[in-house]
Structure formats: C-alpha cells, structure tokens
Amino acid sequence: MGINSTEVAYGFGQMGSGHIKASTALYPPAGRVIVAITMLEDVQFLATTGLVGDDSYIANGSALVDDGVSFIGSGTQFLANGMDDDGDAVTSAVIANTVSFPKGLTIYGRWTRFQLKTGYTHGVIVYYGE
C-alpha cells in the first residue's frame, strides 16, 4: 500500500518559487516561508534585514532560551538548534553584508524575507514551503 505523503513537496520548495535580481525586499506568499535560495551569481545580502530567519520556532523569542530552533540570517542570532541544555552554547554568527554567497550555492532554512545588497544581473531563485 502506498503512502500519500506531502513531506517531500512541502520540505523542498515545491509550493512555488520566485526569481529576484533587484535590491527590493522579497516576501513569501501568505502562509509560506522561503525554504531554499539558489544563487545564480555571487551575491550578498543587505545588512540586518537582508536575510530574516523564521523565529516562530524560538520558544520564548529570546536568545537566552535553549529550547528553540534558529536559522542563519542577518539579524539577531539565537542558540544553535536549541540543543544546549547547560547554557554554554554559542550562537551562530550574523551574516554580514560583506559575506559573498557563490554562484551555484543553495542554502536551506526558513526565512520570512530577504533582500539583496544591490541589484544583480542574474540574482537568485527562491523556493517556498509551509
């Protein structure tokens, strides 16, 4: 008997995609998040608000908690993966606007918005998920 699973479709961006090469902010459709970003050329994200992680998995919305999940980004970073139970975890480094992501790289996570540092010729492709 087959299993009717949506795990692959929802987990790998099969709920839509977008392309952007301008420096305007890109937000996912309502009820979705960005789950993957593929670089079509070397790109940099805007500082602070250029790559905003989905914070709905952070237990109390605080960097002091150790039971949340966080995603890389250009804003405040939280305890890595929420796996620390003794308070000595190190938070992920903020993605600065000087960090260049190379052409062909795909990053995975959950982001609620992003913005390129400047306009590009080819830009990026984004994939949406729940």
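Cut-offs applied
- Residues numbered from 1 in each chain as written.
- Predicted model: local features only at pLDDT ≥ 70, side-chain atom pairs only at ≥ 80, totals over all residues.
- Heavy atoms only, no water.
- Pairing = 2+ DSSP bridges.
- Helix = DSSP H or I, 4+ residues; strand = E, 2+ residues; numbered from the N terminus.
- Axes fitted to C-alpha atoms, helices over the stretch in contact; angles between N-to-C directions.
- Buried < 20%, exposed > 50% of the residue type's maximum accessible area, 1.4 Å probe, protein only.
- Contact = heavy atoms within 4.5 Å.
- Core = buried A, V, L, I, M, F, W, Y, C linked by side-chain atoms within 4.5 Å.

S.K.: Quick one: what's the story with the sheet that holds strand E3 (residues 51-53), residue by residue and with numbers?
M.R.: The strand order across the open sheet formed by five strands is E1-E5-E2-E4-E3, and the pairing between neighbours is antiparallel. On the outer flanks of this sheet lie strand E1 (17-20) and E3, each paired with one strand and no other. Recorded for the sheet is a direction-independent mean angle of 50° between the axes of neighbouring strands. With six bridges connecting them, strand E2 (residues 33-39) and strand E5 (residues 124-129) associate as antiparallel partners. For Ile34, the partnering residue across the bridge sits in E5 and is Tyr128.

S.K.: Residues and numbers for the environment of Gly123, please.
M.R.: Assignment of secondary structure puts Gly123 in the loop between strand E4 (106-114) and E5. Take Gly123: its relative accessible area is 0%, and that puts it in the buried class. The sequence separation of Gly123 and Lys103 amounts to 20 residues, and the corresponding C-alpha distance is 9.4 Å. Non-local contacts of Gly123, meaning those with residues more than four positions away in its chain, are made with Ile20, Lys21, Met39, Leu40, Glu41 and Val43.

S.K.: Describe the nonpolar core, and please don't skip the residues or the numbers.
M.R.: Counting residues in each nonpolar core, the largest one holds 18 residues, and the members touching the most others are Ile34, Ile37, Met39, Phe45, Phe114, Val124 and Val126. Secondary-structure elements contributing two or more residues to this core are E2, E4 and E5. Setting aside anything within four residues of it in sequence, one finds Met39 in contact with Phe45, Phe101, Pro102, Lys103, Gly104, Leu105, Ile107, Gly123 and Val124.

S.K.: Just give me the short version of the pairing of E1, but keep the residues and values in it.
M.R.: The two faces of a sheet get side chains in turn, since along a regular strand they alternate between them. A one-sided burial pattern is seen for E1, the buried positions being Gly18 and Ile20 and the unburied ones Ser17 and His19. Strand direction decides the pairing type here: E1 and E5, joined by four bridges, are antiparallel. Of the residues in E5, the one forming a bridge with Ser17 is Tyr127.

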